[in-house]
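# Structural overview for review
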Amino acid sequence: MTLKNKLKAQRIYFLLGALFITSLVVSNLIFQKFFYWYPLNISVFGFSLFEISVGILPYPITFLITDLISEIYGKKRANDIVIAGIFASFFSLLIIYVADAVPAIKSSPLSNETFNKVFGASSIAVFASMTAYLFAQFIDIQIYHFWKRLTKGKHLWLRNNFSTWFSQFIDTFSVLFLLCSFNIIDWSSFKGLLISGFLFKVLVALLDTPFLYLGVFIFRKTFRLKINEEIQLL
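Quantities reported herein were computed from a predicted structural model and do not represent experimental measurements. Along each chain, residues carry numbers from 1 onward, in the same order as the chain's sequence is written. Predicted model: local features are reported for residues with pLDDT of at least 70 only, side-chain atom pairs are reported and counted for 80 or more only, and whole-chain, interface and lining totals are derived from all residues. By convention in this description, side-chain values take in all heavy atoms of the structure and omit both hydrogens and water.

## Some remarks on the overall build of the protein
Helices and strands together make up the secondary structure of the protein, namely seven helices and four strands. Secondary structure elements follow DSSP: runs of H or I no shorter than four residues count as helices, runs of E no shorter than two count as strands, and numbering proceeds from the N terminus. Starting at the N terminus, the α and β elements of the protein follow one another as α-β-β-β-β-α-α-α-α-α-α. The size measure is the radius of gyration over C-alpha atoms, and the globule rule it meets is 2.2 Å times the number of residues to the 0.38 power. Rg of the C-alpha trace for the protein: 19 Å, near the compact-globule value of 17 Å for 234 residues, within the 12% margin. Reported as C-alpha extents along the three principal axes, the dimensions of the protein are approximately 60 × 45 × 25 Å. A total accessible area of about 12800 Å² is found for the protein, and carbon and sulfur atoms account for 70% of it. In this tally, Asp and Glu contribute negative charge and Lys and Arg positive charge; neither His nor the terminal groups of the chain are included. All charge positions are set by atom: Lys at NZ, Arg at CZ, Asp at CG, Glu at CD. The average position of the 21 basic charges and that of the 12 acidic charges among the side chains of the protein differ by 12 Å. What sets the accessible areas is the Shrake-Rupley method with a 1.4 Å probe; for residues, cover comes only from the shown protein chains.

## Digging into the confidence of the model for the protein
Averaged over the protein, the pLDDT score is 83; the fraction of residues at 70 or greater is 93%. Averaged pLDDT values for the elements of the protein fall to 66 in strand β3 (residues 47-48) and rise to 90 in helix α1 (residues 3-29). Scored between 0 and 100, pLDDT is the confidence that the predictor attaches to each residue.

## Observations concerning the environment of T172
Locating T172 in the fold gives a position in helix α6 (residues 156-181). A simple rule labels every residue: compare its accessible area, found with a 1.4 Å probe on the protein chains alone, to the largest value its type can have, and call it buried under 20%, exposed over 50%, or partly exposed in between. Among the residues examined, T172 registers a relative accessible area of 4% and is labelled buried. Sequence separation between T172 and I30 is 142 residues; the distance between their C-alpha atoms is 16 Å.

## Here's the deal with helix α2 (residues 59-72)
Here α2 spans 21 Å end to end across 14 residues, near enough to the 20 Å set by a 1.5 Å rise per residue. Here α2 lies mainly inside the structure; twelve of its 14 residues are buried. Along α2, the residues that are buried comprise Y59, P60, T62, F63, I65, T66, D67, L68, I69, S70, E71 and I72. Take the residue count of a helix, subtract one, and multiply by 1.5 Å to get its expected span.

## With respect to the side chain of S167
In this fold, S167 is placed in helix α6. Polar contacts, as used here, are pairs of N or O atoms within 3.5 Å; protein pairs need one atom able to donate a hydrogen and one able to accept it. Residues neighboring in sequence count only if both atoms are side-chain atoms. A polar contact of 3.3 Å, which involves the side chain of S167, links it to the side chain of D140. Here S167 is in contact with F63, A136 and D140, once residues within four sequence places are set aside. Note on contacts: a residue pair is in contact if any heavy atoms of the two residues lie within 4.5 Å.

## Quick look at the pattern of salt bridges
Basic side-chain nitrogens of Lys or Arg form a salt bridge, by our definition, when they fall within 4 Å of a carboxyl oxygen of Asp or Glu. Summed over the entire model, instances satisfying the criterion amount to four salt bridges. With a shortest N-O distance of 3.3 Å, D80 and K76 are connected by a salt bridge. Taken together, the positions of D80 and K76, both in helix α3 (residues 75-101) and four residues apart, correspond to about one turn of that helix. Here D80 falls in the partly exposed class, since its relative accessible area comes to 28%. Between E230 and K148 there is a salt bridge; the shortest N-O distance is 3.0 Å. You can see E230 sitting in the segment after α7 (190-223) and its partner K148 sitting in helix α5 (residues 122-150), a full 82 residues away along the chain.

## Observations concerning the packing of α1 against α3
The axes used here are C-alpha line fits, helices contributing only the stretch in contact, and every angle between their N-to-C directions lies in the interval 0 to 180 degrees. Axis separation between α1 and α3 bottoms out at 9 Å; the angle between their running directions is 40 degrees. In this view, α1 runs oblique relative to α3, as classed from their interaxial angle. In terms of crossing hand, the pair formed by α1 and α3 is right-handed. Here α1 contributes Y13, G17, F20, I21, L24, V25, N28 and L29 to the contact with α3, which in turn contributes R77, D80, I81, V82, A84, G85, I86, A88, S89, S92 and I96. Convention used here: angles under 35 degrees read as roughly parallel, angles over 145 as roughly antiparallel, angles from 65 to 115 as roughly perpendicular, and any remaining angle as oblique. Left-handed is the label given to a crossing in which the near helix is rotated counterclockwise from the far helix by less than a right angle, and right-handed is the label when the rotation is clockwise.

Structure follows, in structure tokens:
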């Protein structure tokens, strides 16, 4: 690969990393709002499919990006992005903590109470999310590369979905368990939110598979990569 193409691949890698970190941080900040989408008239433990946090919307993007990076740039580069995302999330937590500690003036559009109500639970949410995320993302990358080695770079759909489904269950279970343990969410909602959240993520994983194929196709065509060939950055 020419130096020009390596520099181009490196810029794309940084852009993917920026999208990954943004999706991850935003999902932790907006998690307290819940919404519904009822494609089927089905209830699970008192929860209709699907009643889920808006924080789940950008989250699957992170798994799509790590799968794409794993496929094109390799396991190490995918792990580097995960570590950067963890650092960014804890740094955003520090900023929120300082902002919450600073007293609001009387004419402030947001009072101390309102700001704390919106962002006060973020520290616990980020802790819960990062603990779950740390396990889920690294497991996702490990499983992805296990299937990649086993299939010798073929059957992209298989490693994309199998790795994501397993890691997303671990993520959903862990974050809900921690949020219930810290009394952010009531234990009575645990089973319903677990099944609803996991099934929604499975559905999203199925829907994002064509986008992964498209991304891999564009990379391979642009950089003339063979099946199972990875880009070695500078």
